[in-house]
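Chains, contacts and geometry: an overview
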Amino acid sequence: NMLQTVIGVGKSQYNGEVPINTTFADGKYKMIDDSRGTGGMFGAMAITNANHGTTAGKVYVNDTNTWGDGKNYIPKGSTLDANGQTAAVNAMWGLMNTYDTLKNIFGWQSLDGHNTATYIAAHVNTAYDNAYYSDTCRCMFIGDGSSFYSLGSIDVIGHEMGHGVTAATSNLTYSGESGGLNESASDINGEVVEAYARAGGKGETIPATGNDWVLGKEISKTGTPLRWMTKPSKDGSSPDAWSSSLRRIDVHYSSGPNNRMFYFLSQGSSEDKASDYYSKYLVKAPAAMSGIGLDKAYRIWFRANTTKFTSSTNYADARTKMIEAAEELYGKPSREATAVMRAYAAINVGA
Ligand code: ASN
Ligand code: ZN
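Residues numbered from 1 in each chain as written. Chains lettered and ligands numbered in written order. Predicted model: local features only at pLDDT ≥ 70, side-chain atom pairs only at ≥ 80, totals over all residues.

**Focus: the site of ligand 1**
Near ligand 1 the following residues occur: Asn130, Ala131, Tyr132, His159, Glu160, His163 and Glu183. For the shell around ligand 1, the secondary-structure elements that each account for two or more residues are β10 (131-134) and α2 (154-168). Looking at the shell around ligand 1, the element that brings in the most residues is α2, giving 3 residues. Considering only residue class, the shell around ligand 1 consists of 2 nonpolar, 3 polar and 2 charged. (Near = placed C-beta within 6 Å. Helix = DSSP H or I, 4+ residues; strand = E, 2+ residues; numbered from the N terminus. Nonpolar A, V, L, I, M, F, W, Y, C, P; charged D, E, K, R; others polar.)

Written as structure tokens, this is what we have:
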């Protein structure tokens, strides 16, 4: 039973033709990437076909090493048609890039840093407009979408795998302010992976920018993304700044201010008008600040989330721990630590 890792041709929906790692065994190709992850249900990182159910299903198998057709999936009952492979290609490409971002930047392997294999089950439910991480299986499920296209853009996969990293580290409780930070950690991960992948997915630094700072633009049929990190209130529900009512709103909205903090920390701030701020939050507008770039911002964030945050960390606590992380990485005082203070001040947290 000879196993061999080979590079297949994936016709993805959002990134054109991409090289995907597959395994050749017993005359067939399997969507298992033997070079990323060990153990788990499939021995390495894999993509399965939930085939409209809610369990993993079977690993994708093919006679040739060319997969998918780049087109959006149209459900055909329970028939496993070739078109269904495109969702699997999307998933594998997102997963390979997420895995590589963490490994190449931090030496962090897979979800838990110990290289425990994960998998994505594509085609969960029917016409399902969501994707999610499950800590029970340490795996992810992605829907085909109805008002969305297949939920497999790089930022969406990076977001879901980010939940696995958070679950294995800080384990931020998924409600209240900690829940907003948990969601934000995933959005940050999604955008960072997007930037890293767009720059070629190699090297030990994240480019200064290059991502689009919105979540899920590619999967949107209308062009309207799910969330805006630059100005979360563009979605009509997320606040741009912290307030005491944040703890009562959905975690996909209370993530907004921290997403914006991360955007300011990385890219700087200049755009806001004081009047918006006075009327909405009764706080002064964020002061102009220069950013420290995506690489440093992510290193500070990742250190804080994986080594300092706890399940009950709130926004004020996150600020303190982000400052500590910045000081440990870049010095006390440092331009980077000062930027963290300014970025949190800009969302009404701290001094
Ligand atoms: N896609 C959503 C998320 O990962 C699923 C959920 O609501 N948990 O946040
Ligand atoms: Zn999430």
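What follows picks up the thread again.
**Observations concerning the pairing of strand β9 (residues 119-122)**
Residues of β9 alternate between two faces, with Tyr119 and Ala121 on one and Ile120 and Ala122 on the opposite face, all of them buried. When strand β5 (residues 45-49) meets β9, the two strands line up parallel, connected through 4 bridges. When the bridges of β9 are listed, threonine 48 appears paired with alanine 121. The pairing of β9 with strand β11 (residues 139-142) spans 3 bridges and is classified as parallel. Counterpart to alanine 122 in the pairing with β11 is isoleucine 142. (Buried ≥ 20, exposed ≤ 12 C-beta atoms within 10 Å, placed from the backbone. Pairing = 2+ DSSP bridges.)

**Examining the domain arrangement of the chain**
Note on interface size: it is often stated as the accessible area lost on association of the parts. By domain assignment, the chain separates into domain 1 (4-168) and domain 2 (176-345). Between domain 1 and domain 2, the C-alpha centre-to-centre distance is 27 Å. In this complex, domain 1 contributes 25 residues to the contact, which on the side of domain 2 involves 25 residues. Secondary structure elements with two or more residues in the side of domain 1 that touches domain 2: α1 (85-106) and α2. (Domains from an automatic or database assignment. Contact = placed C-beta atoms within 7 Å.)

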